[in-house]
Amino acid sequence: MDVVVFVILAGLTLTGALLTILWTNPLRSALSLLVALVGLAGLYVTLLAHFLAAMQLLVYAGAVMVLFVFVIMLFDTTEQEDRPLEIRPIGVVGGLATLMVVGKFTKVVSSVRPGIDTTGEPFGENFGSIEAVADVLFGQFMLPFELLSLLLLVAVVGAVVVARQRFWRESK
Amino acid sequence: MIGDIPLYYYLALSFALLGIGVLGMLVRKNVLIMLMSLELMLNGANLAFVAYARFRGDEAGHVISFFVMALAAAEAAVGLALVIAVYRHFKTLHIDKLNTLRG
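This text gives an overview of the structure that appears in the document. From a predicted model like this one, the values you see are computed outputs, not experimental measurements.

About the criteria used
- Residues numbered from 1 in each chain as written.
- Chains lettered and ligands numbered in written order.
- Predicted model: local features only at pLDDT ≥ 70, side-chain atom pairs only at ≥ 80, totals over all residues.
- Heavy atoms only, no water.
- Helix = DSSP H or I, 4+ residues; strand = E, 2+ residues; numbered from the N terminus.
- Rg over C-alpha atoms; globule rule 2.2 N^0.38 Å.
- Buried < 20%, exposed > 50% of the residue type's maximum accessible area, 1.4 Å probe, protein only.
- Axes fitted to C-alpha atoms, helices over the stretch in contact; angles between N-to-C directions.
- Parallel < 35°, antiparallel > 145°, perpendicular 65-115°, else oblique.
- Left-handed = near helix turned anticlockwise from the far one by under 90°.
- Contact = heavy atoms within 4.5 Å.
- Nonpolar A, V, L, I, M, F, W, Y, C, P; charged D, E, K, R; others polar.
- Salt bridge = Lys/Arg side-chain N within 4 Å of Asp/Glu carboxyl O.

A short note on the overall build of chain B
Argument step 1. If you tally the helices and strands in chain B, you get 3 helices and 0 strands.
Argument step 2. Mapped in sequence order, the helices and strands of chain B form the string α-α-α.
Argument step 3. Against the 2.2 N^0.38 benchmark of 13 Å for 103 residues, chain B shows a C-alpha radius of gyration of 17 Å, more extended than a compact globule.
Argument step 4. With respect to the three principal axes, the spread of C-alpha positions in chain B is 55 × 25 × 25 Å.
Argument step 5. In chain B, which comprises 103 residues, the proportion classed as buried is 60%.

Structure representation (structure tokens):
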């Protein structure tokens, strides 16, 4: 039963990912990526990572993709909207190579430990809940957390400054 | 139970997402699609972290994945601001035409 759930979610994610790189229209690409990200959130739930699944939907599907869609709407995409996808040799060769490498990887990983124990290490009842993640985040990873807030500040300031028009005119 | 899915299913999917992201990055010429392929790669890595966290019973994988998400959001913001600035100057999003630094 859970293999069915996994296959459905993984199929959704892979389809979204493939369509992201295949559509010519960037807006359709962005929406396919959104589908892939939501599929991934579902996969996180099957992995008992409930906090992370919520964060995935909030941050990726809710913020990053909205940003992408805003930026796509700013541009004039009429010259690429109705173009059919050009099949280039590097695309075909690259696709086949990716397929072969992924297949080989799957074969190697599945045969390294054929009876890999799916339960792994024992874990508590609130694994992946917000309390458990907070324990690790504010305990073991306190310093990276503070540095991350600094990085986010720098990113916000940087994005605002780079996107301004006056910034580029003054520096000429 | 949900725990009956072997680890390598998730690892294979993570690797496939990474491969699709790399393929998109190398083959597509539109800057926005390249940024989206970058997000795909980061998500592939996130899935690997979360899968291993589940099979080791350690939430450190979740925390690292959380950091990767925050970093990816910051990088997407700055990258898109750069794309806007570049478009204003070059009026195109085709990566082959953005070659004035080549030299």
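A word on the packing of helix H1 (residues 7-27) of chain B against helix H2 (residues 31-56) of chain B
Residues and elements named next belong to chain B.
Argument step 1. Between H1 and H2, whose axes approach to 7 Å, the crossing angle comes to 165°. Considered as vectors, H1 and H2 are oriented roughly antiparallel to each other. Viewed along their axes, H1 and H2 form a crossing whose handedness is left-handed. Residues Leu7, Tyr10, Leu11, Leu13, Ser14, Leu17, Leu18, Ile20, Gly21, Val22, Gly24 and Met25 of H1 pack against Met34, Ser37, Leu38, Leu40, Met41, Gly44, Leu47, Ala48, Ala51, Tyr52 and Phe55 of H2.
Argument step 2. Among the residues forming the contact of H1 with H2, the class breakdown is 18 nonpolar, 5 polar and no charged.

Observations concerning unusual backbone geometry
Argument step 1. Of note in the backbone geometry, Leu48(A) takes a positive phi value of approximately 65° without being a glycine.
Argument step 2. Inspection of the secondary structure puts Leu48(A) in the loop between helix H2 (26-46) and helix H3 (50-74).
Argument step 3. Looking at Leu48(A), the relative accessible area reads 23%, which means it is partly exposed.
Argument step 4. For Lys91(B), which is not glycine, the phi dihedral falls at a positive 60°.
Argument step 5. Judged by relative accessible area, Lys91(B) falls into the exposed class, the value being 58%.

Quick word on the pattern of salt bridges
Residues and elements named next belong to chain B.
Argument step 1. In this structure the tally under the stated criterion is 2 salt bridges over all chains.
Argument step 2. Of the charged contacts in the structure, one is a salt bridge between Asp96 and Lys29, with a shortest N-O distance of 3.7 Å. In this pair, Asp96 is assigned in the segment after helix H3 (60-90) and Lys29 in the loop between H1 and H2, connecting sequence segments 67 residues apart.
Argument step 3. Judged by relative accessible area, Asp96 falls into the partly exposed class, the value being 39%.
Argument step 4. Of the residues examined, Lys29 reaches a relative accessible area of 24% and is grouped as partly exposed.
Argument step 5. Residues Asp58 and Arg56 are paired through a salt bridge, measuring 3.7 Å at the closest nitrogen-oxygen approach.

It is worth stressing that arrangement in space is one thing and function is another; only the former is reported here.
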